[in-house]
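Residue-level structure breakdown
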Amino acid sequence: MKKILALLALLIAFPAAASEGPPEAPANWVSDLFGFNAKAPTVSVPIGRERVAKLVAQRANERLGPQWVESALRLAKLESTFNCNATGPKTRHGRAKGVLQMMDGSARALGYDPKRMYECDYGIQAGLAHMQMCIKHGVKTSSDMARCHVSGWGAWNRRLSSRGAEKYRQKYVKLSMR
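Below or above, wherever it landed, is the structure these notes cover. (Residues numbered from 1 in each chain as written. Predicted model: local features only at pLDDT ≥ 70, side-chain atom pairs only at ≥ 80, totals over all residues. Heavy atoms only, no water.)

1. A few points about the packing of aromatic side chains
What describes a pair of aromatic rings is the distance from one ring centre to the other and the angle between the planes of the rings. For clarity, the cut-off: Paired rings are identified among Phe, Tyr and Trp, the last through its six-membered ring, by centres lying within 6.5 Å, and are further divided according to the angle between planes into stacked (under 30 degrees), edge-to-face (over 60) and tilted (the rest). Per the convention used, a helix needs a DSSP run of H or I reaching at least four residues, while a strand needs a run of E reaching at least two, with both numbered from the N terminus. Lysine and arginine charges are scored as sitting over a ring when NZ or CZ, respectively, is within 6 Å of the ring centre and within 35 degrees of the ring normal.
This structure, assessed with the given rule, holds one aromatic pair. With 5.4 Å between their ring centres and 70° between their planes, Tyr112 and Tyr122 make a pair best called edge-to-face. Pair noted here: Tyr112 is in the loop between helix H5 (104-109) and helix H6 (120-136) and Tyr122 is in helix H6, with a separation of 10 residues, a long-range link. Across the ring face of Tyr122, the terminal group of Arg116 is positioned such that the distance to the ring centre comes to 3.8 Å.

2. A closer look at the state of the cysteines
Rule in force here: Count a disulfide wherever a pair of cysteine sulfur atoms falls within 2.5 Å.
All told, the structure shown has two disulfides when counted by the stated rule. Across the chain, the disulfide pattern expressed with sequentially numbered bonded cysteines is 1-2, 3-4.

3. Details of the nonpolar core
For clarity, the threshold we go by: Nonpolar cores were defined as sets of buried Ala, Val, Leu, Ile, Met, Phe, Trp, Tyr and Cys residues, with membership established by side-chain atoms within 4.5 Å. Accessibility here uses a 1.4 Å probe with only protein chains present; expressed as a share of the type maximum, an area under 20% marks a residue as buried, one over 50% as exposed, and anything in between as partly exposed.
The biggest cluster of nonpolar side chains holds 28 residues, and the ones touching the most others in it are Val52, Val56, Leu73, Phe82, Val99, Ile124 and Leu128. At the level of elements, helix H3 (50-64), helix H4 (69-80), H6 and helix H7 (142-151) are the ones that each hand at least two residues to this core. For this core, the element with the most residues is H3, which contributes seven residues. If you look at the next biggest cluster of nonpolar residues, it comprises eight residues, including Met102, Tyr112, Met117 and Ala126.

4. Considering H7
Given 3.6 residues per helical turn, the α-helix brings residues three or four places apart onto the same face. When we look at burial in H7, the residues that qualify are Asp144, Met145, Ala146, Cys148 and His149. Where H7 terminates, the next one or two residues include Gly152, which has phi positive at roughly 95°.

5. Focus: the packing of H4 against H7
Heads up, the rule is: Between N-to-C directions, angles span 0 to 180 degrees; the directions come from axes that are lines fitted to C-alpha atoms, helices contributing only their stretch in contact. Every angle not falling under 35 degrees, over 145, or within 65 to 115 is termed oblique; those three ranges are roughly parallel, roughly antiparallel and roughly perpendicular. Should the near helix be turned anticlockwise from the far one by less than a right angle, the crossing is left-handed, and should it be turned clockwise, the crossing is right-handed. Any two residues whose heavy atoms approach within 4.5 Å at even a single point are treated as in contact. Residue polarity follows a fixed list, in which Ala, Val, Leu, Ile, Met, Phe, Trp, Tyr, Cys and Pro are nonpolar, Asp, Glu, Lys and Arg are charged, and the others, Gly among them, are polar.
Where H4 contacts H7, the axes come no closer than 10 Å and their chain directions differ by 40°. For the element pair H4 / H7, the angle class is oblique. Crossing angle aside, the handedness with which H4 passes H7 is right-handed. Here H4 contributes Ser71, Leu75 and Glu79 to the contact with H7, which in turn contributes Ser142, Met145, Ala146 and His149. Each residue belonging to the contact of H4 with H7 can be placed in one class, and the counts come to three nonpolar, three polar and one charged.

6. Notes on H4
Note the threshold: The span expected for a helix works out to 1.5 Å for each residue beyond the first.
With 12 residues, H4 extends 16 Å between its outermost C-alpha atoms, agreeing within 8% with the 16 Å of an ideal straight helix rising 1.5 Å per residue. Of all 12 residues in H4, nine are buried, a share of seventy percent or more. Among all positions in H4, only Val69, Glu70, Ser71, Ala72, Leu73, Arg74, Leu75, Ala76 and Ser80 are buried. Two residues or fewer after H4 comes Thr81, characterised by a positive phi angle close to 55°.

7. Some remarks on the pattern of salt bridges
For the record, the criterion: The term salt bridge refers to a pairing of a side-chain nitrogen on Lys or Arg with a carboxyl oxygen on Asp or Glu at a separation within 4 Å.
Counted under the stated rule, the structure contains six salt bridges. Here Asp121 and Arg59 are joined by a salt bridge, their closest N and O atoms 2.8 Å apart. Here Asp121 is found in helix H6, whereas its partner Arg59 is found in helix H3, with 62 residues between them in sequence. For Asp121, a relative accessible area of 30% corresponds to the partly exposed category. Arg59 sits in the buried class, given a relative accessible area of 19%. Between Lys97 and Asp104 there is a salt bridge; the shortest N-O distance is 3.1 Å.

8. As for the environment of Leu110
Mapped onto the elements of the fold, Leu110 is located in the loop between H5 and H6. Exposure remark for Leu110: the relative accessible area of 18% places this residue in the buried category. In this structure, the C-alpha to C-alpha distance between Leu110 and Ala129, residues 19 residues apart in sequence, is 7.0 Å.

9. Quick word on unusual backbone geometry
Positioned with a positive phi, Thr81 is a non-glycine residue whose angle comes to about 55°. Turning to its location among the elements, Thr81 is positioned in the loop between H4 and H5. The class of Thr81 is partly exposed, set by a relative accessible area of 36%. Phi angles above zero are rare outside glycine, and Phe82 is one such case at about 60°. Secondary-structure assignment places Phe82 in the loop between H4 and H5.

Structure follows, in structure tokens:
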């Protein structure tokens, strides 16, 4: 456990070197850290949120495959900074909740209970179900995934009618790709 925390601390401190791994780390340091074989994520993780980041990575790998792990980590970082109890601002659709900021209507449409979005694993699973629905609706890239996450799977590939909404979506995609 100490080795995992030390490697994660190095990943946090030096995110640009994440693809190489720490100098003294074995060649399979990513699989040792996250428990599966994948490319090293380039997402930095705030101190104290490593457990949630690891859970997001594990669940994304299980449900979506290793190619979507980094997208899931980027969205979780952008949406909640890996905070299971995050609550978004009030909108006309309600408030988004949990690690991947699920709206109540989206959660219900996917068969999840909106009251449980603050339960870390449950909220992550609901967010990943949303990502899975995006993939079913044609998402193929990380930027498309960000677009789908913010717009919903029914509208991700359409230009939004409101100029302000379209600008917001474009800004969101840029932020998610940092």
